[in-house]
Amino acid sequence: MTIETVHVPLGDRAYNVRIGAGLVTEAGAQIAPLLRRPKVCVVSEENVAALHLGALRDGLARQGIEVEVLILPVGEGTKSWPYLTQTVEWLLEQKVERSDVIVAFGGGVIGDLVGFAAAVLRRGVRFVQIPTSLLAQVDSSVGGKTGINSAQGKNLIGAFHQPALVLADVDILGTLQPRDFLAGYGEVVKYGLLGDATFFDWLEENGPALAAGDTALRQQAVKHSVQMKADIVVRDETEQGDRALLNLGHTFCHALEAATGYSDRLLHGEGVAIGCALAFETSARLGLCSQEDPSRVRAHLSQMGMKVDLRDIDGTLPSSAALLGLMGQDKKVVDGQIRFIMARGIGQAFVTSDVALDVVQSVLDDAAR
Ligand code: GLY
């Protein structure tokens, strides 16, 4: 299988996303052209390091690149001030210079944290994303959103800081737990639903084989998702408009994540998938799309063995009124109005604040039954 490239043309912040099998072992050759001196600092987390750090070290060593490594704990709790401080201080101790390159080797948590550390270190140092989860490969490693969580909510502290290179190794997806893979697949489905009906058709046909482990199909899905994200980011890098489309399903998802305490009861990608189903159901009830569309969305998620409804989440959830209250705390609220991503059909999402909240509440009530 060949390595494919999606270029993200952002002027002096332009970069390539390389997608293919074996990129971790190839990392040295990929990164070497960016380096002024043969040394990189890698920040990773315990699980990824145990499985894949050896291959990355070998790949970098083959190009004569010296490596220093910081390994952080696994989990969302790492996206916080204490670990940002630890990472930045460690990078300074390693004497990272302005012209050096930092490597983020992990899923979304590591990518967001290390990207933010790189953004603030010496007022901005380049960094390379080597995303190891499907979610990070198709979403968080591309587009330059970096940051940490606050006690007040997720991702409330951060910066736009584009990576200098992204290496999405599709072989590495083979070591993910099925639940984590499917959670990332929620973000893949999102791309079809928000802007590409043909891609959604393709996923209906190929999703099961892709989840079962077909690497060529995985590569196609990652490449298509990254290309769609790149196109949107290039149109609207700092989310003044169109980039909000990438938040399809996310207003519902953020409320559900808050309601489940950001715990293992609901992974982010699972919340996105449920949120997409709820967004399509709401769109149908508002007469924006036909009832067939939410039925198709739900059928595909069920076919993939994914969570579809609120009742699929373990334990009790707050009332629909309380969930609506949590949606009102989303950081996408503008002038006190919740911004929703609704759809006129599969692949035809749009941003609107004009959604009757009693309709949303009835959709939430029905999804919990
Ligand atoms: N994950 C949404 C965005 O990058 O805009």
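As a reminder, the structure under discussion sits directly above these lines.
Worth saying up front: this structure is predicted, and the values here are computed from it rather than measured.

Cut-offs and rules
- Residues numbered from 1 in each chain as written.
- Predicted model: local features only at pLDDT ≥ 70, side-chain atom pairs only at ≥ 80, totals over all residues.
- Heavy atoms only, no water.
- Salt bridge = Lys/Arg side-chain N within 4 Å of Asp/Glu carboxyl O.
- Buried < 20%, exposed > 50% of the residue type's maximum accessible area, 1.4 Å probe, protein only.
- Helix = DSSP H or I, 4+ residues; strand = E, 2+ residues; numbered from the N terminus.
- Pairing = 2+ DSSP bridges.
- Near = heavy atom within 4 Å.
- Polar contact = N/O pair within 3.5 Å; in protein donor to acceptor, adjacent residues only side chain to side chain.
- Areas by Shrake-Rupley, 256 points an atom, 1.4 Å probe, with all protein chains shown as cover.
- Nonpolar A, V, L, I, M, F, W, Y, C, P; charged D, E, K, R; others polar.
- Expected span 1.5 Å × (residues − 1).
- Bend = angle between axes of the 7 residues up to and from the residue.
- Axes fitted to C-alpha atoms, helices over the stretch in contact; angles between N-to-C directions.
- Parallel < 35°, antiparallel > 145°, perpendicular 65-115°, else oblique.
- Left-handed = near helix turned anticlockwise from the far one by under 90°.
- Contact = heavy atoms within 4.5 Å.
- Phe/Tyr/Trp six-rings, centres within 6.5 Å; stacked < 30°, edge-to-face > 60°.
- Lys NZ or Arg CZ within 6 Å of the ring centre and 35° of its normal.

**A look at the pattern of salt bridges**
Pairing between side chains of opposite charge can happen when the charged atoms of each approach one another. The full count for this structure, using the stated rule, is 21 salt bridges. Close ionic contact of Asp-12 with Arg-13 constitutes a salt bridge, the shortest N to O distance being 3.0 Å. Judged by its relative accessible area of 74%, Asp-12 is exposed. Owing to a relative accessible area of 38%, Arg-13 belongs among the partly exposed residues under this scheme. Of the charged contacts, one joins Arg-37 and Asp-100 as a salt bridge, the two residues approaching to 2.5 Å between their closest N and O atoms. With a gap of 63 residues between them, Arg-37 in the loop between helix 1 (27-31) and strand 3 (39-45) and Asp-100 in the loop between helix 3 (81-93) and strand 5 (101-106) connect regions that are remote in the sequence. Shared partners join several salt bridges into a network, and the residues in it are Glu-281, Arg-285, Asp-366 and Arg-369.

**Quick look at the pairing of strand 11 (residues 349-352)**
The pairing of strand 10 (residues 340-343) with strand 11 spans four bridges and is classified as antiparallel. From the neighbouring strand, Phe-340 faces strand 11, where its bridge partner is Thr-352. Counting the residues between successive antiparallel strands, the hairpin from strand 10 to strand 11 contains five residues, one of them, Gly-347, with a positive phi of roughly 85°.

**With respect to the site of the ligand**
For the ligand, the full set of nearby residues is Asp-139, Lys-145, Lys-229, Glu-239, Arg-243 and Leu-246. At 3.1 Å, a side-chain N or O of Asp-139 approaches a nitrogen atom of the ligand. Lys-229 is positioned with one of its side-chain polar atoms (N or O) 2.6 Å from an oxygen atom of the ligand. With the chains in place, 89% of the 200 Å² that the ligand exposes on its own is no longer accessible. The residue inventory of the shell around the ligand, partitioned by class, reads one nonpolar, no polar and five charged.

**Overview of helix 7 (residues 197-212)**
The end-to-end C-alpha separation of helix 7 is 23 Å, in line with the 22 Å expected for 16 residues at 1.5 Å each. For helix 7, the principal kink sits at Asn-206 and spans about 60°; a proline, Pro-208, occurs within the next four residues. Those residues of helix 7 that sit buried are Phe-199, Phe-200, Leu-203, Asn-206, Gly-207 and Leu-210. For helix 7, the capping residue at the N-terminal end is Asp-196, with a side-chain oxygen 3.2 Å from the backbone nitrogen of Thr-198. Positive backbone phi, approximately 125°, marks Gly-213, located one or two places after helix 7.

**As for the packing of helix 3 against helix 4 (residues 108-120)**
Two elements in contact, helix 3 and helix 4, have axes whose closest approach is 10 Å; the angle formed by their N-to-C orientations is 55°. Here helix 3 is positioned oblique relative to helix 4, judged by the angle of their axes. Crossing of helix 3 against helix 4: the hand is right-handed. In this structure, helix 3 contributes Tyr-83, Leu-84, Thr-87, Val-88 and Leu-91 to the contact, and helix 4 contributes Leu-113, Phe-116, Ala-117 and Val-120. Here the contact of helix 3 with helix 4 is composed, by residue class, of eight nonpolar, one polar and no charged.

**Quick notes on the sheet that holds strand 2 (residues 15-20)**
In spatial order, the strands read 1-2-9-6-5-3-4; together these seven strands make up an open sheet with mixed pairing. Unpaired on one side and paired on the other, strand 1 (4-8) and strand 4 (66-72) mark the two borders of the sheet. Between one strand and the next, the sheet's axes are offset by a mean angle of 20°, whatever the strand orientation. Across seven bridges, strand 3 lies against strand 4 in parallel orientation. Following the sheet pairing, Lys-39 is matched in strand 4 by Glu-66. Of the strands in this sheet, strand 3, strand 4, strand 5 and strand 6 (126-131) touch helix 2 (residues 46-61), which is tilted by about 160° from strand 3. Against the sheet, helix 3 contacts strand 3, strand 4 and strand 5, and its axis sits at roughly 165° relative to strand 4.

**Re the packing of aromatic side chains**
Under the definition given, this model contains two aromatic pairs. Ring centres of Phe-199 and Trp-202 lie 5.9 Å apart, and the angle between their planes is 15°; this geometry places the pair in the stacked category. One end of the pair, Phe-199, and the other, Trp-202, are both in helix 7, three residues apart, so they sit about a helical turn from each other. Arranged with centres 6.1 Å apart and planes meeting at 55°, the rings of Phe-252 and Phe-340 form a pair that is tilted. One end of the pair, Phe-252, is in helix 9 (residues 250-259); the other, Phe-340, is in strand 10, with 88 residues separating them in the sequence. We note Lys-190 situated over the ring of Tyr-191; from NZ or CZ to the ring centre the distance is 5.0 Å. A cation over a ring is seen here: Arg-344 above Phe-350, with NZ or CZ 3.8 Å from the ring centre.

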